[in-house]
Amino acid sequence: QMCIRDRSNYVKHYLGEYYLESPSIRMDELYADSDRKTPIIFVLSQGADPTSQVLKFARDREFDQNLRTISLGQGQGKVASETIEIAKKEGFWCLLQNCHLARTWMPSLEVIVEQLAIEESEIHPDFRLFLSSMPAAYFPVSVSYTHLR
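Definitions and limits used
Residues numbered from 1 in each chain as written. Predicted model: local features only at pLDDT ≥ 70, side-chain atom pairs only at ≥ 80, totals over all residues. Heavy atoms only, no water. Helix = DSSP H or I, 4+ residues; strand = E, 2+ residues; numbered from the N terminus. Buried < 20%, exposed > 50% of the residue type's maximum accessible area, 1.4 Å probe, protein only. Contact = heavy atoms within 4.5 Å. Areas by Shrake-Rupley, 256 points an atom, 1.4 Å probe, with all protein chains shown as cover. Pairing = 2+ DSSP bridges. Axes fitted to C-alpha atoms, helices over the stretch in contact; angles between N-to-C directions. Core = buried A, V, L, I, M, F, W, Y, C linked by side-chain atoms within 4.5 Å. Disulfide = S-S within 2.5 Å. Salt bridge = Lys/Arg side-chain N within 4 Å of Asp/Glu carboxyl O. pLDDT = per-residue confidence, 0-100. Phe/Tyr/Trp six-rings, centres within 6.5 Å; stacked < 30°, edge-to-face > 60°.

Caption draft 1: Fine view of the overall build of the chain. A tally of helices and strands in the chain yields six helices and four strands. Reading the secondary structure of the chain in the N-to-C direction produces α-α-β-α-β-α-β-α-β-α. For the chain, the residues scored as buried account for 38% of the 149 residues in total. At a minimum sequence separation of 6, the contacts of the chain that also span at least 24 residues come to 78%. Accessible surface, the chain as shown: approximately 9400 Å² in total, 50% of it carbon and sulfur.

Set out below in structure tokens:
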């Protein structure tokens, strides 16, 4: 704890407070820039979780009944794939939390995201895919390139 505090003090003194603050997420701006073929990725840091902001944004837009949230982990990949398919057809939002916990499912996520661009005209215009993940070397590079964050 002392080491972290010392580093924080050093950064604050030499670089400024700006470099210690997490950027605030403006959900309305993210959503305005998003579309049905482009996932919104939240890169997690220790203690940060955008879930409450996504839930609040859905509630504010009276869309909370159309938000499906899945916390990824062992065995949830199939559930996530099925949920995304339904969401694409019915115009739901899909939030996949903790993608870093589904390492073996990442190739499937990559295919799903690639298909979003190919099938765009067949996807309901209200569909959105939100992903959250800690930084992970096995997170699909192609997904990283086609997203908003």
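Caption draft 2: Local environment of the side chain of Lys88. Its location among the elements puts Lys88 in helix H4 (residues 77-90). Other than its neighbours up to four places away in sequence, Lys88 contacts Leu116, Glu119, Ile123, His124 and Phe127.

Caption draft 3: Focus on the environment of Ile86. Positionally, Ile86 belongs in helix H4. Counting along the chain gives 41 residues from Ile86 to Phe127, while the straight-line C-alpha distance between them is 9.8 Å.

Caption draft 4: Region of the structure containing the sheet that holds strand S1 (residues 40-43). Judged by pairing direction, the sheet is parallel, and its four strands sit side by side in the order S1-S4-S3-S2 without closing on themselves. Taken across any chain shown, the strands that pair with only one partner, and hence form the sheet edges, are S1 and strand S2 (67-71). In this sheet, adjacent strand axes meet at a mean angle of 15 degrees when their direction is disregarded. Bridging between S2 and strand S3 (residues 93-97) involves five bridges; their strand directions are parallel. Within the sheet, the bridge partner assigned to Arg68 lies in S3 and is Cys94. Against the sheet, helix H3 (residues 51-60) engages S1, S2, S3 and strand S4 (128-133), with an angle of about 170 degrees to S3.

Caption draft 5: Focus on the nonpolar core. In this structure, Leu96, Trp105, Leu109, Leu129 and Leu131 are the most contacted members of the largest nonpolar core, which totals 23 residues. Among the secondary structure elements, those contributing two or more residues to this core are H4, S3, helix H5 (106-118) and S4. A per-element tally of this core places H5 first, with five residues. With residues up to four places along the chain from it excluded, the contact list for Leu131 reads Pro39, Ile40, Ile41, Phe42, Leu96, Cys99, Leu109, Phe139 and Val143. Grouped together as the second largest cluster of nonpolar side chains are 13 residues, Met27, Tyr31, Phe42 and Leu67 included.

Caption draft 6: Region of interest: the state of the cysteines. Applying the stated criterion across every chain, the model contains zero disulfides. We note that Cys94 lacks a disulfide partner, and the nearest cysteine sulfur, in Cys99, lies 9.5 Å from it.

Caption draft 7: Fine view of the pattern of salt bridges. The full count for this structure, using the stated rule, is eight salt bridges. Here Lys88 and Glu85 are joined by a salt bridge, their closest N and O atoms 3.0 Å apart. Note that Lys88 and Glu85 are positioned in helix H4 at a spacing of three residues, about one turn of the helix. Under the relative-accessibility criterion, Lys88 is labelled buried at 5%.

Caption draft 8: Structural detail: the confidence of the model for the chain. A residue-level look at the chain finds 81% of positions with pLDDT of 70 or above and a mean pLDDT of 85. Per-element confidence in the chain ranges from a low mean pLDDT of 62 for helix H1 (residues 2-14) to a high of 97 for H4.

Caption draft 9: Representation of the packing of aromatic side chains in the model. Enumeration over the complete set of coordinates arrives at six aromatic pairs. A centroid spacing of 5.8 Å and a plane angle of 10 degrees characterise the contact between Phe57 and Trp93, whose relative ring orientation is stacked. With Phe57 in helix H3 and Trp93 in strand S3, this residue pair connects regions lying 36 residues apart in the sequence. Considered together, Phe57 and Trp93 belong to a single accessibility category, that of buried residues. Taken together, the ring pairs connect Tyr31, Phe42, Phe57, Phe63, Trp93 and Phe130 into an aromatic cluster.

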